[in-house]
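Chain residues, written in single-letter form:
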Amino acid sequence: MKEPKIAIIGLGYVGLPLAVAFAEKFDVTGFDINPERVKKLNQGIDETLEVEEELLQNALKKQGENKGLTVTSDLKEIEDANIYIVTVPTPIDKHKIPDLTPLYKASETVGKVLKKGDIVIYESTVYPGATEEDCVPILEKVSGLEFNKDFFAGYSPERINPGDKERTVTKIKKVTSGSTPEIAEKVDQLYKEVITAGTYKASSIKVAEAAKVIENAQRDINIAFVNELSKIFRLMEIDTLEVLEAAGTKWNFLPFRPGLVGGHCIGIDPYYLAHKAKEYDYNPEIILSGRRINDSMGKFVANETVKMMLKKGIGVKNANVLVLGITFKENCPDIRNSRAIDVIRELEDYQLDVDVYDPWANPEEVKEEYGFDLLTDINSEDKKYDAILALVAHNEFKEMDLKDFSKDNTFIYDVKSIFPKDKSDLRL
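Quantities reported herein were computed from a predicted structural model and do not represent experimental measurements.

**Some details on the overall build of the protein chain**
In step 1: In terms of helices and strands, the protein chain carries 14 helices and 13 strands.
In step 2: Whereas a compact globule of 428 residues would reach a radius of gyration of roughly 22 Å, the protein chain reaches 23 Å, a difference of no more than 12%.
In step 3: When its C-alpha atoms are laid out on the principal axes, the protein chain stretches across 75 × 50 × 40 Å.
In step 4: The proportion of buried residues among the 428 residues of the protein chain is 55%.
In step 5: Sequence-distant contacts, at least 24 apart, represent 70% of the contacts inside the protein chain between residues at least 6 apart.
In step 6: Total accessible area on the protein chain stands at roughly 20200 Å², and carbon and sulfur atoms take up 49% of it.
In step 7: Here the protein chain contributes 57 positive and 74 negative side-chain charges, whose respective centroids are spaced 3 Å apart.

**Section: the sheet that holds strand β10 (residues 353-357)**
In step 1: As summarised here, the arrangement of the 5 strands in space is β10-β9-β11-β12-β13, forming an open sheet in which the pairing is parallel. Sheet topology places β10 and β13 (426-427) at the edges, where each strand pairs with a single neighbour.
In step 2: Pairing of strand β9 (residues 320-324) with strand β11 (residues 385-390), which is carried by 4 bridges, proceeds in the parallel orientation. Residue Val 321 lies in a different strand from β11, and its bridge partner there is Ala 387.
In step 3: Relative to β10, helix α12 (residues 340-349) is tilted by about 160 degrees, and along the sheet it contacts β9, β10 and β11.

Each value, and the rule that gives it
- Residues numbered from 1 in each chain as written.
- Predicted model: local features only at pLDDT ≥ 70, side-chain atom pairs only at ≥ 80, totals over all residues.
- Heavy atoms only, no water.
- Helix = DSSP H or I, 4+ residues; strand = E, 2+ residues; numbered from the N terminus.
- Rg over C-alpha atoms; globule rule 2.2 N^0.38 Å.
- Buried < 20%, exposed > 50% of the residue type's maximum accessible area, 1.4 Å probe, protein only.
- Contact = heavy atoms within 4.5 Å.
- Areas by Shrake-Rupley, 256 points an atom, 1.4 Å probe, with all protein chains shown as cover.
- Lys, Arg positive; Asp, Glu negative; His and termini not counted.
- Charge placed at Lys NZ, Arg CZ, Asp CG, Glu CD.
- Pairing = 2+ DSSP bridges.
- Axes fitted to C-alpha atoms, helices over the stretch in contact; angles between N-to-C directions.

Structure (structure tokens):
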């Protein structure tokens, strides 16, 4: 195999860390259609906070070197690559149907520069069969080349955990696969160059695709189980966290916690598997049941808030509510598919006046995505609240004293159990 010259298509939470990792050993060009993103990255700034600025700046290619990272939105600059790695998002639409539009467009982009002997590796989460049945035909049509004769494909699913500074891309074992046994080995050896945790070569692309999509479906189902437990124990007036801690003393009890399930993976991937299952006339009951439970949690939290406010004698209409957190998880700026918005919208339907504070989120992104202004600062002297909901376990929130923002009768709902039990009225 000739020296790899790699092009990474999509420089988001997945593509950028991968590009930086490969740039330590290879000549890498990162391609993104967002010119503002490209501009910032070339300045050594990563607004997703997935890559430290020093690492990014060190990775940017120096003149005369045969390795390093070049960042561009110019298609001509990836024409001489021989390995293309696609790392674009795979969302769902409003009907919860897989939306492969970004993947199709990325495939069209690669198809325009694809040459004989090139390998196209997909990392985006898809249902089994998507790479060879949906993406490869686009590559063939646009390039005019024949699959597994003129060019080849691989699939190595991303396992990035946004905000996790311990399990970074090189420290997570990588599943690899290829469209032929020979290509599978080449793909595996390529990733072994940078993945210190090692690789696992799957027997086929479909197996690798299926392995990825069930990883998050499994987590989704487990979280749905404890979310259902929290609803049951709430009726019994039992503290769910105390139950889980007691049960967790058994060696094989799985340590899942209740909460809002969003983000670009767990809240979406199960719909990809369910969609494909239905093509085979199979209705995936457990997978979709778990999704229904987790999708219902925002409304549940809001309804419990209103009930408890009424029990405490707090007038609901026009009451002031402080929501802590809009990102989909703790210590991460990613607001994609955050289910905190479900709580906020439901509270607004009850005509409560809701303020949202999140030191990790970008106010402009929140305004564009969700249509409201984020508090950019919070001062206990400015306003007191009738109810406070802690939805995301940011470290900054753990240091807050919620009593500073409370009235004498404020209802405090610690959804993520980030405060001592006696510091809140209710925990999920």
